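If you want the building blocks of each chain, they are given just below.
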Amino acid sequence: MGVETLIGSSTHVEGHLKVKGGLRVDGRVTGQLSVEGRCEVGADGYIEATVHATELTVAGRIAGDVEVAGRLHVLSTGAITGDVRTKVLVVEEGGTIEGKCSMGQAAPTAPARDGAAAEGAARVAVAETARS
């Protein structure tokens, strides 16, 4: 799946943005972001929003809660500040997540009644950044 929509480095989008297909953010998004497809946040990209995506790769920064139906990949330069719900999580060495994280067979649509992370088997893959 390719990138069909690009938010360039000099662009700032505010409000509720809905995208079908691939999205790459090299600029700034503020508000709410929903992507039915793959979303990439470039190294200079900044999202200050609630994010819902099918797949998400983060090389830049996200400030807000994130829900990913499939795979969330935080690269070594990526940072998320907010609660994360995802099916599969990959965090490279140097990448950060500050907030609660719940993982399992599918990203839950609502938090547990007591606010605790959803129960279930979780898989975490830690990517190696270099091999000798």
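Calculation criteria
Each chain has its residues counted from 1, running along the sequence as written. Given that the model is predicted, a residue must reach a pLDDT of at least 70 before its local features are reported, and side-chain atom pairs must reach 80 or more before they are shown or counted; all residues, however, enter totals for whole chains, interfaces and linings. The side-chain values count all of the structure's non-hydrogen atoms but skip hydrogen atoms and water molecules. Only DSSP runs of H or I covering at least 4 residues are called helices, and only runs of E covering at least 2 are called strands; the numbering of each starts at the N terminus. Relative accessibility under 20% of the residue-type maximum defines a buried residue, over 50% an exposed one, and the middle range a partly exposed one, all with a 1.4 Å probe and only protein chains included. Contact between two residues is taken to exist if any of their heavy atoms lie within 4.5 Å; hydrogens are not considered. Every accessible area reported is derived by Shrake-Rupley at a probe size of 1.4 Å, with residue values counting cover from the shown protein chains alone. Salt bridge, as used here, is a side-chain nitrogen of Lys or Arg placed within 4 Å of a carboxyl oxygen of Asp or Glu. In these notes, a set of buried Ala, Val, Leu, Ile, Met, Phe, Trp, Tyr and Cys residues joined through side-chain atoms within 4.5 Å is what counts as a nonpolar core. We treat two strands as partners when DSSP finds at least two bridges between them. Any pair of nitrogen or oxygen atoms within 3.5 Å is treated as a polar contact; in protein, a donor-acceptor pairing is required on top of that, and neighbouring residues in sequence qualify only through side-chain atoms on both sides. Values of pLDDT, ranging from 0 to 100, describe the predictor's confidence in every residue of the model.

## Concerning the overall build of the protein chain
Consideration 1: Of the regular secondary structure elements, the protein chain holds 0 helices and 12 strands.
Consideration 2: Here the protein chain, with 132 residues, has 39% of them falling under the buried criterion.
Consideration 3: Look at the contacts in the protein chain between residues 6 or more apart in sequence, and 8% of them connect residues 24 or more apart.
Consideration 4: Only carbon and sulfur atoms are counted for the fraction: they give 48% of the accessible area of the protein chain, which is about 7300 Å².

## Considerations on the pattern of salt bridges
Consideration 1: Counted under the stated rule, the structure contains 6 salt bridges.
Consideration 2: Ionic pairing is found between E40 and R24, a salt bridge with its closest N-O pair at 3.0 Å. In this pair, E40 is assigned in strand β4 (residues 28-41) and R24 in strand β3 (residues 22-25), connecting sequence segments 16 residues apart.
Consideration 3: Its salt-bridge partner being R38, residue E40 comes within 3.4 Å of it at the nearest N-O pair.
Consideration 4: Salt bridges here are not isolated pairs; linked through shared partners, they connect R24, D26, R38, E40 and E55.

## Things to note about the nonpolar core
Consideration 1: Core analysis: the biggest nonpolar cluster contains 25 residues, and L23, I47, L56, I62, V66, L72 and I80 have the highest contact counts within it.
Consideration 2: If you list the elements that add at least two residues to this core, you get β3, β4, β5 (46-58), β7 (66-74) and β9 (84-91).
Consideration 3: When sequence neighbours within four positions are dropped, the list of residues in contact with L23 reads V3, T5, I7, L33, V35, R38, C39 and E40.

## Quick notes on the pairing of β7
Consideration 1: By the criterion of burial, β7 is predominantly enclosed, with 7 of the 9 residues buried.
Consideration 2: Pairing of β5 with β7, which is carried by 6 bridges, proceeds in the parallel orientation. Each bridged residue has a counterpart across the sheet, and for T57 the counterpart in β7 is H73.
Consideration 3: For β7 and β9, the ladder comprises 7 bridges, and the chain directions are parallel. Across the sheet, V74 pairs through a bridge with V91, a residue of β9.

## Considering the side chain of E67
Consideration 1: Mapped onto the elements of the fold, E67 is located in strand β7.
Consideration 2: Engagement of the side chain of E67 in a polar contact is seen with the side chain of R85, the distance being 3.2 Å.

## Some thoughts on the confidence of the model for the protein chain
Consideration 1: When pLDDT is averaged along the protein chain, the result is 84, and 78% of the positions lie at 70 or above.
Consideration 2: Counting contacts from residues 107-132, a segment whose pLDDT is below 50, to residues more than four positions away or on other chains yields 37 contacts.

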